[in-house]
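# Overview (structure and organization)
Below, each chain spelled out in residue letters.
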Amino acid sequence: MRNQTVEEFLLVGFDVHSQLKCPLFLLFLVIYIITLAGNLVIIVLVYVHVHLHCPMFIFLGNLSLSDILFTTNIVPKMLSIILGEGGTLSFHGCLSQFYFYASVGSTECFLLTVMSYDRYLAICHPLHYNVIMNARLQKCLLVLSWLPVSIVTLVRIILIHQLDFCGPNVIDHFFCDLDPILQLSCSDTSIIENEVLAASVHVILLPFLFIVTTYARIILAIVRIPSIHGRQKTFSTCSSHLIVVCTYFLTLITVYGIPSKAHSSAATKLRSLLYIVLTPMFNPIVYSLRNKEIRYALQKLKTTVKLIRFM
């Protein structure tokens, strides 16, 4: 028999003054709306415009979808916690939130890796790009980005469900992250901790090293571009991509690669905000809205909407 007496978890949220709760709520609400709007625009544009049905924009559309799922899984509940000075989630609701957080977050890591590989082929091997990045490879890369992590995370959820939770039930965070959940368990969690450590190497560290390597190769290729304007344009785009990727992965590494006792809960929350709230907002701007083809498609969409309104 399991000794689980905890039926719900209390999420503490942010320890801020009561006068700051409303401004904090409005700030995160605006960021969330911008994130949804920006990523939805990218998905619609890629779906509607045929000239965007190429690997780079298909991967961008999937990244936008993962950003929407990622933030929507956490931010609405986080907003209610801010206004309510804390909030509760049932035991199964907490596990569900963590499942979607872990699976979609891992998918985003792999999508960023796939996108860096796509840019590497396009810049470093342009003559062979269409042959290598064919429709079959695109589908395989997308399936491998979404499906395996969902299955692996489900196994982790099953392992967590077998743990005993005897109380207390207070999680000092704004969502159900793994480490706070394991700290509340009165069972041996070493198996799950070892599994998470091994998964982090494959999901976070190795993809990050691969991305850094590919962008290093890309930068070397950019240096050999004869046109100064071409070098500046390509380097500007790639450098902004690399900044966003480094922010996302380095915060993940500091949160999950460093033992929880090495940093405070406030520092953990701040780092979590970087990749849960801010990065999904910046992704459409950095990866898409600065792109000439996306801007052209957006202008066409605006023109079409205006024509429909006047009809």
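Owing to the predicted nature of the structure, the values given are computational and were not obtained by experimental measurement. (Residues numbered from 1 in each chain as written. Predicted model: local features only at pLDDT ≥ 70, side-chain atom pairs only at ≥ 80, totals over all residues. Heavy atoms only, no water.)

### Some words on the overall build of the protein
- Helix and strand content of the protein: 10 helices and three strands.
- In the protein, the succession of α and β elements from N to C terminus is β-α-α-β-α-α-α-β-α-α-α-α-α.
- Sorting the 311 residues of the protein into buried and exposed places 44% on the buried side.
- When contacts within the protein are restricted to residue pairs at least 6 apart in sequence, long-range pairs at least 24 apart make up 79% of them. (Helix = DSSP H or I, 4+ residues; strand = E, 2+ residues; numbered from the N terminus. Buried < 20%, exposed > 50% of the residue type's maximum accessible area, 1.4 Å probe, protein only. Contact = heavy atoms within 4.5 Å.)

### What about the packing of aromatic side chains?
- Tallied over the entire structure, the rule returns 15 aromatic pairs.
- Seen from their ring centres, Tyr-101 and Phe-175 are 4.7 Å apart, and the 55 degrees between their planes marks the pair as tilted. In this pair, Tyr-101 is assigned in helix H3 (residues 91-124) and Phe-175 in the loop between strand E3 (170-171) and helix H6 (178-183), connecting sequence segments 74 residues apart.
- Counting every residue linked through ring pairs, the aromatic cluster contains Phe-14, Phe-28, Phe-70, Phe-98, Tyr-101, Phe-174 and Phe-175. (Phe/Tyr/Trp six-rings, centres within 6.5 Å; stacked < 30°, edge-to-face > 60°.)

### Notes on the packing of helix H1 (residues 18-48) against helix H2 (residues 55-84)
- As a packed pair, H1 and H2 sit with axes 9 Å apart at the nearest point and diverge in direction by 160 degrees. By the angle class used here, H1 and H2 are roughly antiparallel. Of the two possible hands of crossing, H1 and H2 adopt the one that is left-handed.
- Taken together, the residues of the contact of H1 with H2 break down into 21 nonpolar, six polar and two charged. (Axes fitted to C-alpha atoms, helices over the stretch in contact; angles between N-to-C directions. Parallel < 35°, antiparallel > 145°, perpendicular 65-115°, else oblique. Left-handed = near helix turned anticlockwise from the far one by under 90°. Nonpolar A, V, L, I, M, F, W, Y, C, P; charged D, E, K, R; others polar.)

### Some thoughts on the nonpolar core
- Within the largest apolar cluster, 82 residues are counted, with the highest numbers of intra-cluster contacts made by Phe-28, Met-78, Tyr-101, Ile-160, Phe-165, Phe-249 and Ile-276.
- Here this core takes 15 residues from H3, the largest share from any one element.
- Once residues within four sequence positions are removed from consideration, Ile-160 is found in contact with Leu-95, Phe-98, Phe-165, Leu-178, Ile-181 and Ile-192. (Core = buried A, V, L, I, M, F, W, Y, C linked by side-chain atoms within 4.5 Å.)

### Observations concerning the sheet that holds E3
- Taken in spatial order, the three strands of this open sheet run E2-E1-E3, and their pairing is mixed. Edge positions in the open sheet fall to strand E2 (87-90) and E3, since each of these has one partner strand only.
- Here four bridges tie strand E1 (residues 8-11) to E2, and the two strands are oriented antiparallel to one another. Bridged to Phe-9 within E2 is Leu-89.
- Strands E1, E2 and E3 of the sheet are contacted by H3, whose axis makes an angle of about 90 degrees with E2. (Pairing = 2+ DSSP bridges.)

### Observations concerning the state of the cysteines
- Overall, the coordinates contain two disulfides when judged by the stated rule.
- Each disulfide pairs two cysteine sulfurs, and for Cys-94 the partner residue is Cys-176, the sulfurs being separated by 1.9 Å. Its S-S torsion of about -120 degrees marks the bond between Cys-94 and Cys-176 as left-handed, since a negative value means left-handed. Within this pair, whereas Cys-94 is found in helix H3, its partner Cys-176 is found in the loop between E3 and H6, the two being separated by 82 residues in sequence.
- A relative accessible area of 0% places Cys-176 in the buried class.
- The disulfide partner of Cys-166 is Cys-186, and the S-S distance across this bridge is 2.0 Å. (Disulfide = S-S within 2.5 Å.)

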